[in-house]
Amino acid sequence: MRKTLRRLLPLLAILVVLAVSMSATAFAAGDPTEESGTKMIECSDCGGVGLCMSCYGQDEACEDCGGTFVCPSCEGTGYVESPSHFYNTFWALLPPIIAIALALITKEVYSSLFIGILVGGLLYSNFSFEGTVLHVFSDGIVGSVTDSYNMGILIFLVILGAMVCLMNRAGGSAAFGRWAQANIKSRVGAQLATVILGCLIFIDDYFNCLTVGSVMRPVTDKHNISRAKLAYLIDSTAAPICIIAPISSWAAAVAGFAEDGQGLSLFIKAIPFNFYAILTILMMVGLSILRIDYGPMAKHEKNAVENGDLFSGKNPYATMEAEESNENGRVIDLVLPIIALVVCCVIGMIYSGGFFEGAGFIEAFSNSDASVGLLLGSAFALVFTFIYYLIRRTMKFGDMMSCIPDGFKAMVPAILILTFAWSLKSMTDSLGAKYFVRDFVYSNAASFQVVLPAIVFVIGCLLAFATGTSWGTFGMLIPIVQSVFPMDNPLSVVCISACMAGAVCGDHCSPISDTTIMASAGAQCDHVSHVSTQLPYAITVAVVSFISYIIAGFVPNAVFALPIAIVLMIGALIVMRKVWGKKEMA
């Protein structure tokens, strides 16, 4: 009973904070979707243009518009009132809160996510049976899977699964494991190698999670590092690295969300104030060198070291573990396909951004489409891997082709969770959750300017945790901060960085985040185990970051604020070492 209450306390705290904000008031604007407490949504019949889509404004005898040429549904405004009574209210955040609570309590992620989706459908349809079924399956699950961006990511996952299967059967992973066993002598070295590789692959978080997982699993397994710890290291070198790397898909996203064409320069200025990302890296290195583990992670690490149990429970990827590999495999059989994957994905990213049509390299990255770039890059890398293994005569062609469905099977858990997570996000979008949070920020921003960076950080954490999307979070908060502060105000950069840091923190903690799901897939670790073991570590960094943003609010100077944040983090690590070291000795 006590354990259940402890799990519920953070969720209850989130619920209280969000409930307090239910009465928030905001600004008014010409766009009806930007009015306080708006109930307006884009007209689905005309797509928001206000034009009659039957005659396109060219037929005076049109029966639908009666010759007025305007959309009869919205009467030319482009907007209609949401059918849901719960639109733009606190209840819009209830579906993800329920899904997250159930996942942490029951340890069953699929049923928890589906129940959250079902609650969203009920609220959207005002508890209508038919409306709920249609919204959940047609608008939610089917709509998420058929989205072109999402479909590109799913195909990328399948191709990565096939490549992992190929490298395993070719003996590349086993050969790399043997090499690592001879050259990486300790558990500390294996963990630091994982951190370094994760920091080097900063182009995209999805790509980071799956690539680092594929390369480092044999290494960490040899040193009896639990899969939960590997998943934490992968997850912590994904979004936190991408959000401070100027050449990454995340930098491109921030550049696109910022106004007045200041995106990339603003991103670079905000890097020293991105305390959560910087301190997360410091946290990983400190945990590895000082050999500290606490919370549920301590149990997983103890089982791995003492019993050789890397999972401390169920292994959803058990079928992949039983594969037989080629004993004649060489390290190059793993390294070369990975290098090809990196090169091809970089080329794919800049291709999607118009590099081969005259755009500059940085501009191409800023305009890149991660879904298209990663899909094309991984497809070419898969073809290269086929050709290379045929030339090497490592595998027969039939054996290589059988890796495609096997790789698909290996990624089914990640694909299913991603599909449900995207569907849950579509539920919160259809209920106007972003407008509710936006109104709360606007109505309270001017009152707390000095502590606003800390407040923005917390709001970003809560929103990203509840919705599972960091891009959507800082995409909504950055324009708000820019409207509150002029760009010549030093607090502006600090608050924008707090937006990004809070979004990454909430995304890092959330069990419905796609990056968290990818990290579980990359480490081939049970998803709920990954979330529950990483949460205490992420919260530790979040608390130190919150204190650092309070300091930065009073002294918005990176030369002063960043060293203090680093000292606070090192101090927290030393305290934890003393506390947990004594417990281990006892």
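Keep in mind that what you see is a predicted model, and the values were worked out from it rather than measured.

(A) View of the overall build of the chain. Of regular secondary structure, the chain possesses 26 helices and two strands. Evaluated residue by residue, the chain yields a buried proportion of 55% over its 586 residues. Sequence separation of 24 or more characterises 78% of the internal contacts of the chain that already satisfy a separation of 6 or more. Accessible area of the chain: about 23,900 Å², with a carbon and sulfur share of 65%.

(B) Inspection of helix H19 (residues 397-430) at higher detail. A rise of 1.5 Å per residue sets the reference length of H19, with its 34 residues, at 50 Å; its end C-alpha atoms lie 47 Å apart and thus fit the reference within 8%. Where H19 bends most, the angle comes to about 50 degrees, and this point is Met-411, followed within four residues by the proline Pro-413. Looking one or two residues beyond H19, the residue adopting positive phi is Gly-432, at roughly 70 degrees.

(C) Up close: helix H14 (residues 296-307). In this model, H14 (twelve residues) spans 16 Å end to end at C-alpha, consistent with the 16 Å of a helix rising 1.5 Å per residue. For H14, every residue scored as buried is listed here: Met-297, His-300, Glu-301, Asn-303 and Ala-304. Along H14, the residues classed as buried sweep out an arc of 155 degrees about the axis, all on the same side. The outward face of H14, more than 90 degrees from its buried face, is lined by the exposed residues Lys-299, Glu-306 and Asn-307. Those residues of H14 that are buried lie in contact with helix H7 (187-200), helix H9 (227-236) and helix H25 (527-554).

(D) Representation of a nonpolar patch on the surface within the structure. There is a patch of nonpolar side chains on the surface, built from Ile-339, Val-343, Ile-347, Tyr-351, Phe-356, Val-372, Leu-376 and Phe-380 and spanning about 750 Å² of accessible area. For the nonpolar patch, the secondary-structure elements that each account for two or more residues are helix H16 (332-352) and helix H18 (370-392). Inspection of the secondary structure assignment puts Ile-339 in helix H16.

(E) A look at the confidence of the model for the chain. In the predicted model, the chain carries a mean pLDDT of 80, and 85% of its residues have values of at least 70. Between residues 8-30, whose pLDDT stays under 50, and residues either more than four places distant or in other chains, the model counts 38 contacts. Predicted confidence is poor over residues 582-586, with pLDDT under 50, and the contacts of this stretch with residues over four places away or in other chains come to two contacts.

(F) Quick look at the packing of aromatic side chains. In this structure the tally under the stated criterion is 14 aromatic pairs. Consider the rings of Tyr-232 and Tyr-537, whose centres lie 5.0 Å apart with planes at 75 degrees: the pair is edge-to-face. With Tyr-232 in helix H9 and Tyr-537 in helix H25, this pair connects stretches of sequence that are 305 residues apart. Exposure remark for Tyr-232: the relative accessible area of 1% places this residue in the buried category. When the centroid spacing of 5.2 Å and the interplanar angle of 85 degrees are considered together, the rings of Phe-355 and Phe-356 count as edge-to-face. On the accessibility criterion, Phe-355 (30% relative accessible area) is partly exposed. Owing to a relative accessible area of 53%, Phe-356 belongs among the exposed residues under this scheme. Among the aromatic residues, those joined into a cluster by ring pairs are Phe-273, Phe-275, Phe-457 and Tyr-549.

(G) Quick peek at the pattern of salt bridges. Enumeration according to the criterion identifies eight salt bridges in this entry. Notably, a salt bridge pairs Arg-169 with Asp-406, separated by 2.2 Å at the nearest N-O pair. Remark: Asp-406 occurs in helix H19 and Arg-169 occurs in helix H5 (residues 148-169); sequence separation between them is 237 residues. With a closest N to O distance of 2.8 Å, Asp-221 and Arg-227 form a salt bridge. One network of salt bridges, in which partners are shared, links Arg-187, Lys-229, Asp-293 and Glu-301.

(H) Region of the structure containing the environment of Gly-143. Locating Gly-143 in the fold gives a position in helix H4 (residues 129-146). Look at Gly-143 and you get partly exposed, because its relative accessible area is 29%.

(I) Fine view of the nonpolar core. With 157 residues, the main nonpolar core has Phe-275, Tyr-276, Met-283 and Phe-457 as its most contacted residues. If you tally residues by element for this core, the top one is H5, at 13 residues. Look past the residues within four positions of Phe-457 in its chain and what remains in contact with it is Tyr-276, Ala-498, Ala-501, Gly-502, Cys-505, Ala-542, Ser-545, Phe-546 and Tyr-549.

(J) Examining the packing of H14 against H25 more closely. Contact geometry for H14 and H25: axes closest at 7 Å, N-to-C directions at 120 degrees. With respect to their mutual orientation, H14 and H25 come out oblique. Touching Pro-296, Met-297 and His-300 of H14 are Ser-529, Ser-532, Thr-533, Pro-536 and Tyr-537, all from H25. Taken together, the residues of the contact of H14 with H25 break down into four nonpolar, four polar and no charged.

Reading the values: rules and limits
Residues numbered from 1 in each chain as written. Predicted model: local features only at pLDDT ≥ 70, side-chain atom pairs only at ≥ 80, totals over all residues. Heavy atoms only, no water. Helix = DSSP H or I, 4+ residues; strand = E, 2+ residues; numbered from the N terminus. Buried < 20%, exposed > 50% of the residue type's maximum accessible area, 1.4 Å probe, protein only. Contact = heavy atoms within 4.5 Å. Areas by Shrake-Rupley, 256 points an atom, 1.4 Å probe, with all protein chains shown as cover. Expected span 1.5 Å × (residues − 1). Bend = angle between axes of the 7 residues up to and from the residue. Arc of directions from axis to C-beta. Patch = residues over 30% accessible without salt bridge, like charges linked within 9 Å, V, L, I, M, F, W, Y side chains within 5 Å. Salt bridge = Lys/Arg side-chain N within 4 Å of Asp/Glu carboxyl O. pLDDT = per-residue confidence, 0-100. Phe/Tyr/Trp six-rings, centres within 6.5 Å; stacked < 30°, edge-to-face > 60°. Core = buried A, V, L, I, M, F, W, Y, C linked by side-chain atoms within 4.5 Å. Axes fitted to C-alpha atoms, helices over the stretch in contact; angles between N-to-C directions. Parallel < 35°, antiparallel > 145°, perpendicular 65-115°, else oblique. Nonpolar A, V, L, I, M, F, W, Y, C, P; charged D, E, K, R; others polar.

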